[in-house]
Amino acid sequence: MDKEAAPEEPIAQVQQSIVDSFQCLGNWMARYEYRIDLVRSLPDFPDKWRTEANRLHGCQAQVWLVAEFRDHRLFFQARSDSAIVTGLLALLMKVYLGRLPEEIISHPPDFLRAIELEQHLSPNRANGLFPRMEQIRLTAQAAFVAELATAKQRRQKTRRFLPLTRPRHPNS
């Protein structure tokens, strides 16, 4: 996976920026084209990632999601065989890529409701979108729990191996 940088803007600001962009675009054809433009900005998704292990079920289209936990942050790559679904995934990547797991957990994708996306999707696409969002959240929860466990192990090792020393008195 490419070495993406951690985002500078807070999640809430990125979500609001998407809402503002959709409101400025006005009609749904312009909004659809905006999502397609987002797809073009996504990094390459190698064929080797299009495996059954990376495939997310619950959507009419095929969807693949790859997550990497690096430097305490989650980096996602996602694709679909459908341009519409890949555009929806691109919106999620714009918000959640390179975030700390606790940021992802504490910021649900409410912006999707604010842009009234569900109203302009077929029932199958709308139903398939929520499992994608849930998978990102579950991945963040798993990374958060793993990071807590690792930190706990480090603390235990540090406690176990620190030599006991007495403070020295300045006159001794």
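Thresholds, definitions, all that
Residues numbered from 1 in each chain as written. Predicted model: local features only at pLDDT ≥ 70, side-chain atom pairs only at ≥ 80, totals over all residues. Heavy atoms only, no water. Core = buried A, V, L, I, M, F, W, Y, C linked by side-chain atoms within 4.5 Å. Buried < 20%, exposed > 50% of the residue type's maximum accessible area, 1.4 Å probe, protein only. Helix = DSSP H or I, 4+ residues; strand = E, 2+ residues; numbered from the N terminus. Contact = heavy atoms within 4.5 Å. Pairing = 2+ DSSP bridges. Axes fitted to C-alpha atoms, helices over the stretch in contact; angles between N-to-C directions. Phe/Tyr/Trp six-rings, centres within 6.5 Å; stacked < 30°, edge-to-face > 60°. Parallel < 35°, antiparallel > 145°, perpendicular 65-115°, else oblique. Nonpolar A, V, L, I, M, F, W, Y, C, P; charged D, E, K, R; others polar.

1. Brief notes about the nonpolar core
Okay, step 1: Among the nonpolar cores identified, the biggest contains 36 residues, and L91, L92 and L112 are the most heavily contacted of them.
Okay, step 2: In terms of residue count, the dominant contributor to this core is helix α3 (residues 83–96) (9 residues).
Okay, step 3: If we ignore the near neighbours within four places in the chain, the residues touching L92 are L97, P109, F111, L112, L129, R132, M133 and I136.

2. Brief notes about the sheet that holds strand β3 (residues 73–80)
Okay, step 1: Here 3 strands make up an open sheet; going across it, the order is β1-β2-β3 and the pairing antiparallel. Here the strands that pair on one side only, and so sit at the sheet edges, are β1 (55–56) and β3.
Okay, step 2: In the sheet, strand β2 (residues 63–70) pairs with β3 via 8 bridges, with the strands oriented antiparallel. Opposite L65, over in β3, you have A78 as the bridge partner.
Okay, step 3: Along the sheet, α3 makes contact with β2 and β3, crossing β3 at roughly 170°.

3. Here's the deal with the environment of A61
Okay, step 1: Take A61: it is sitting in the loop between β1 and β2.
Okay, step 2: Note on A61: relative accessible area 8%, which makes it buried.

4. Here's the deal with the packing of aromatic side chains
For any pair of aromatic rings, the description consists of the separation of the ring centres together with the inter-plane angle of the planes.
Okay, step 1: Applying the stated rule across the entire model yields 3 aromatic pairs.
Okay, step 2: The interplanar angle of 75° and the centroid separation of 5.2 Å between the aromatic rings of F45 and W49 together place this pair among those described as edge-to-face. The two residues F45 and W49 agree in class, both being buried.
Okay, step 3: By way of ring pairs, the aromatic residues F22, W28 and Y34 are connected into one cluster.

5. Comments concerning the packing of helix α1 (residues 11–25) against helix α2 (residues 28–41)
Okay, step 1: Orientation of α1 relative to α2, taken along the N-to-C sense of each, is 135°, at an axis distance of 8 Å. On the basis of their axis angle, the class for α1 and α2 is oblique. Counting all contacts with α1, which are made through S21, F22, Q23 and L25, the residues of α2 involved are W28, A30, R31, Y34 and R35.
Okay, step 2: Across the contact of α1 with α2, the residue classes break down as 5 nonpolar, 2 polar and 2 charged.

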